[in-house]
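# Descriptive structure summary
The lines below spell out each chain.
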Amino acid sequence: MPLVFLTISCGEKAISTHALVDAGATVSLFHKDVAGLLGIEIGSGPELQVEGAVVKFHIHLHRVSLMVGTKSFDAEVGFSTGYRGRFSIVEVLLMTPEI
């Protein structure tokens, strides 16, 4: 999976991080620590169960702004206390220019 550098922001807070671009992802996923740095209370967003090839966990959806390169856009992403990956995962739809 390709690795991208992105900035995620909510309100006045922003952090820059790396994320994997996953062609099979149906939602972009960030660890709970990212939500904490952005001042997002995870449990306040709608809950959704996510299933991977060998894992199942719950995420909470929140609206944020993402910037990849020079492209900036708003997106609904998931934050999880159960995700143990090293990098965040960004769904390909977020990386595709609008037609």
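These remarks concern the structure in this document. (Residues numbered from 1 in each chain as written. Predicted model: local features only at pLDDT ≥ 70, side-chain atom pairs only at ≥ 80, totals over all residues. Heavy atoms only, no water.)

## Some remarks on the pattern of salt bridges
Let me state the cut-off plainly: Salt bridge, as applied in this entry: a Lys or Arg side-chain nitrogen positioned within 4 Å of an Asp or Glu carboxyl oxygen.
All told, the structure shown has one salt bridge when counted by the stated rule. For lysine 32, the salt bridge is made with aspartate 33, and the minimal N-O distance between the two is 3.8 Å.

## Details of the environment of valine 27
Cut-off, in case you're wondering: Elements are defined by DSSP. Helices are runs of H or I of four residues or more, strands are runs of E of two residues or more, and each kind is numbered from the N terminus.
Along the polypeptide, valine 27 turns up in the loop between strand E2 (13–22) and strand E3 (29–31). Between the C-alpha atom of valine 27 and that of valine 77, which follows or precedes it by 50 residues, the distance is 6.4 Å.

## Points about the packing of aromatic side chains
This is how it is decided: Stacked, tilted and edge-to-face are the three classes applied to pairs of Phe, Tyr and Trp rings, where Trp contributes its six-membered ring and a pair requires centres within 6.5 Å; stacked means planes under 30 degrees apart, edge-to-face means over 60, and tilted covers the rest. Buried residues are those whose accessible area, probed at 1.4 Å on protein chains only, stays under 20% of the maximum for their type, while exposed residues exceed 50% and partly exposed ones sit between those limits. Two limits define a charge over a ring: the Lys NZ or Arg CZ must be within 6 Å of the ring centre, and within 35 degrees of the ring normal.
Enumeration according to the criterion identifies one aromatic pair in this entry. For the ring pair phenylalanine 30 and phenylalanine 79, a centre distance of 6.0 Å and an interplane angle of 40° mean the geometry is tilted. Of the two residues, phenylalanine 30 sits in strand E3 while phenylalanine 79 sits in strand E6 (residues 71–80), which places them 49 residues apart along the sequence. You can call phenylalanine 79 buried: its relative accessible area is 0%. The ring of phenylalanine 73 is capped by lysine 71, whose NZ or CZ atom sits 5.1 Å from the centre of that ring.

These figures come from the coordinates and say nothing about function on their own.
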